[in-house]
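Here are the chains, one letter per residue:
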Amino acid sequence: MTRTIRPTIVFLILLTLLFGIVYPALCTGIIQGLFARQAQGSLIEKNGKVLGSELIGQNFSEPKYFWGRLSATSPYPYNASSSTGSNFSAANPDLLKAVKDRIKALKEADPKNKALIPVDLVTSSASGLDPHISPEAADYQVKRVARVRNLPERNVKELVAKYTEGRQFGIFGELTVNVLKLNLALDGKNMIP
């Protein structure tokens, strides 16, 4: 029995050291060396202060900002440690209430806007952390943001175009607009009407 237990324990210790310590440390070192910014969370900093991550949405609700997708994370929106969708069916009363509440908020923020509201402005993503909206969702909000900030719509549309990201490798996914980057550009841009 000792002949089988001893090699098994030695093999377990060897594999634990190899795949529990050496391999993760090697991978971490390589990733930190080649992709340091991404490995640290793709953080956006200004004057040494972290403003957010370009990979995680933030809860913008003031009319002067572009609004992102709804977040279903708890106990607060865009909680990165609680990534989850709502898992509500299309007929679930809680989902319908959230959609109606968001439609009401969008209409109250811009009562003159009679355009159809893009679906990504009234629904959450599967992760509840999506930092992007569609170009259509950004276009829907251009008039409100321009009016509240007293800027020409043309300038705001140019910023939307600047922060519209293409498809991955030119073929995968859809065009998207990073809401945090766009809002930071609006706050930091010296735009004269």
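Please read these numbers as outputs of a predicted model, since none were measured by experiment.

### Notes on the overall build of the protein
Per the secondary structure count, the protein includes 6 helices and 5 strands. Relative to the globule expectation of 16 Å for 193 residues, the C-alpha radius of gyration of the protein, 23 Å, shows a markedly less compact shape. Taken across its 193 residues, the protein has 33% of its residues classed as buried. A fraction of 57% describes how many contacts in the protein between residues 6 or more apart in sequence connect residues 24 or more apart. Accessible surface computed for the protein: about 12600 Å², of which carbon and sulfur atoms make up 61%.

### Concerning the nonpolar core
A general trend in soluble globular proteins is that nonpolar side chains are found buried together. If you look at the biggest cluster of nonpolar residues, it comprises 28 residues, and the most contacted ones within it are Phe66, Ile133, Val156, Val160 and Leu182. Of all the elements in the fold, those that place two or more residues in this core are helix H3 (93-109), helix H4 (135-149), helix H5 (153-162) and helix H6 (179-188). Broken down by element, this core gets its largest block of residues, 6 residues, from H4.

### Focus on the pattern of salt bridges
What the rule picks out here adds up to 9 salt bridges. The partner of Glu54 in a salt bridge is Lys181, and the shortest N-O contact between them spans 3.6 Å. Of this pair, Glu54 sits in the loop between strand S2 (49-53) and H3 while Lys181 is found in helix H6, placing the two residues 127 residues apart along the sequence. With relative accessibility at 23%, the residue Lys181 sits in the partly exposed group. A salt bridge links Lys104 to Glu108, with the nearest nitrogen and oxygen atoms 3.9 Å apart. One end of the pair, Lys104, and the other, Glu108, are both in helix H3, 4 residues apart, so they sit about a helical turn from each other. In terms of burial, Lys104 and Glu108 fall into one category: exposed. One network of salt bridges, in which partners are shared, links Arg37, Glu54, Glu165 and Lys181.

### Thoughts on the pairing of S2
For a regular strand, side chains alternate in direction, first toward one face of the sheet and then toward the other. Both strand S1 (residues 43-46) and S2 contribute to a ladder of 4 bridges, which runs antiparallel. Pairing of Lys46 across the sheet is with Lys49, part of S2. Hairpin connection of S1 to S2: 2 residues between the antiparallel strands, including Asn47 at a positive phi of 55°.

### A look at the sheet that holds strand S5 (residues 176-178)
Each strand in a sheet pairs with its neighbour through backbone hydrogen bonds, running either in the same direction (parallel) or in the opposite one (antiparallel). With antiparallel pairing, 3 strands are arranged side by side in an open sheet as S3-S5-S4. In this open sheet, the two edge strands, each paired with only one partner strand, are strand S3 (132-133) and strand S4 (164-165). Against the sheet, H6 makes contact with S3, S4 and S5, and its axis sits at roughly 55° relative to S5, the strand it touches most.

### With respect to the side chain of Ser134
Examined against the element boundaries, Ser134 turns out to sit in the loop between S3 and H4. Given a relative accessible area of 16%, Ser134 falls into the buried group. When residues no more than four places from it in sequence are discounted, the contact partners of Ser134 are Asp120, Leu175 and Val177.

Cut-offs and rules
- Residues numbered from 1 in each chain as written.
- Predicted model: local features only at pLDDT ≥ 70, side-chain atom pairs only at ≥ 80, totals over all residues.
- Heavy atoms only, no water.
- Helix = DSSP H or I, 4+ residues; strand = E, 2+ residues; numbered from the N terminus.
- Rg over C-alpha atoms; globule rule 2.2 N^0.38 Å.
- Buried < 20%, exposed > 50% of the residue type's maximum accessible area, 1.4 Å probe, protein only.
- Contact = heavy atoms within 4.5 Å.
- Areas by Shrake-Rupley, 256 points an atom, 1.4 Å probe, with all protein chains shown as cover.
- Core = buried A, V, L, I, M, F, W, Y, C linked by side-chain atoms within 4.5 Å.
- Salt bridge = Lys/Arg side-chain N within 4 Å of Asp/Glu carboxyl O.
- Pairing = 2+ DSSP bridges.
- Axes fitted to C-alpha atoms, helices over the stretch in contact; angles between N-to-C directions.

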